[in-house]
Amino acid sequence: MSPTPAWPSLAAEIRRCRLCAHHLPLGPRPIFAGSPTARIVIIGQAPGRRAHLAEIPFADASGDRLRQWLGLERAAFYDACRIAIMPMGFCYPGTGAGGDKLPNPICATTWHARMQAAMPRLELTLLVGGLAQRAYLASFDNVTDAVMASRNGEGARIALPHPSWHNNAWLKMHSWFEGEMLPPLRRRIAHLIGD
Ligand code: SF4
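Predicted model, so just to flag it, every value in this text is computed and none were measured. (Residues numbered from 1 in each chain as written. Predicted model: local features only at pLDDT ≥ 70, side-chain atom pairs only at ≥ 80, totals over all residues. Heavy atoms only, no water.)

### Topic: the nonpolar core
To keep it simple, the criterion reads: Nonpolar cores were defined as sets of buried Ala, Val, Leu, Ile, Met, Phe, Trp, Tyr and Cys residues, with membership established by side-chain atoms within 4.5 Å. Throughout, exposure labels follow a simple rule: accessible area from a 1.4 Å probe, protein chains only, divided by the maximum for the residue type, with under 20% read as buried, over 50% as exposed, and the rest as partly exposed. For helices the rule is a DSSP run of H or I covering at least 4 residues; for strands it is a run of E covering at least 2, with both sets numbered from the N terminus onward. Residue contacts are counted whenever heavy atoms from the two residues lie within 4.5 Å of one another.
Core analysis: the biggest nonpolar cluster contains 31 residues, and I42, L66, L70, L126, L160, F177 and L185 have the highest contact counts within it. With eight residues, the top contributor of residues to this core is helix α9 (residues 176-193). Every residue in contact with L185, bar those within four places of it in the chain, is listed here: L70, L124, L126, I158 and L160. Counting 22 residues, the second-largest nonpolar core is a separate cluster that includes W7, A84, C107 and W111.

So, in structure tokens, the structure goes:
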């Protein structure tokens, strides 16, 4: 493997990526964020159509809910000097019968390790949804168990459910998530990013 380039050249290389362009209905438009000073990385699934069009990750109501969960205003959430955003697929993968399609695995295998190597100050990884959890946790069976295992808010990797309205029923059934798990996680995040 070639040595990890400095962040600006790596980011430029990612922006030029066309590796799975033939699978992307709206074409490549990698949406990610990061910097060598980032302390937290958020790993979700892939940008939705709205994020693709806006060229802004988590540009929808799910993003609003995620920011509320994490206790972050938009300015902090989108401050790449502090928070990196590195989905399992960087480009909008299109929509199928069951919602957004899964991203091509080649994206994460090509870019994730190089991005993380270029962000040496990362201390906390937030795994949003099952796809990221399956990729990054030592063992993964289902989202509920993964989030429960993160319940104390400690450790380098924290599992979160996807903030989509699809999970409203899950949130009602697992009120400990918002009532017990999020407050200490918010404090930890504020401490890490210096708020
Ligand atoms: S999804 Fe990832 S691998 Fe595919 S074109 Fe976009 S950046 Fe490249």
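### A few points about the side chain of S62
In this fold, S62 is placed in helix α3 (residues 61-70). By relative accessible area, which is 11% here, S62 ends up buried.

### Re helix α5 (residues 105-117)
Just so we agree on the cut-off: Each helix should span, by expectation, one fewer than its residue count multiplied by 1.5 Å. By definition, a residue's bend is the angle between the axes fitted to the seven residues ending there and the seven starting there. Pairs of N or O atoms within 3.5 Å make up the polar contacts considered here, provided that, within protein, one atom can donate a hydrogen while the other can accept it, and that residues adjacent in sequence are counted only when both atoms are side-chain atoms.
Between its first and last C-alpha atoms α5 spans 19 Å; for 13 residues at 1.5 Å apiece the expected length is 18 Å, and the two agree. Taken as a whole, α5 carries its principal kink of about 35° at W111. Of all the positions in α5, only C107, A108, W111, H112, R114 and M115 are classed as buried. Those residues of α5 that are buried lie in contact with α1 (7-15), β1 (40-43), β2 (83-85) and α6 (130-136). Sitting at the amino-terminal end of α5 is N104, which places a side-chain oxygen 3.0 Å from the backbone nitrogen of I106.

### Details of the packing of α1 against α5
Using the following cut-off: Every axis corresponds to a line fitted to the C-alpha atoms, with the helix fit spanning only the stretch in contact, and the corresponding angles, defined between N-to-C directions, vary from 0 to 180 degrees. Oblique is the label for any angle not covered by the other classes, which are roughly parallel (under 35 degrees), roughly antiparallel (over 145) and roughly perpendicular (65 to 115). For any helix crossing, the convention is left-handed if the near helix is rotated counterclockwise from the far helix by under a right angle, and right-handed if that rotation is clockwise. Residues are grouped as follows: nonpolar covers Ala, Val, Leu, Ile, Met, Phe, Trp, Tyr, Cys and Pro; charged covers Asp, Glu, Lys and Arg; every other residue, Gly included, is treated as polar.
It is the contact of α1 with α5, at a shortest axis distance of 11 Å, that shows an interaxial angle of 165°. Relative to α5, α1 is oriented roughly antiparallel. Pair α1 / α5 crosses with left-handed handedness. Every residue of α5 that contacts α1 at W7, L10, E13 and I14 is listed here: W111, R114 and M115. Considering only residue class, the contact of α1 with α5 consists of five nonpolar, no polar and two charged.

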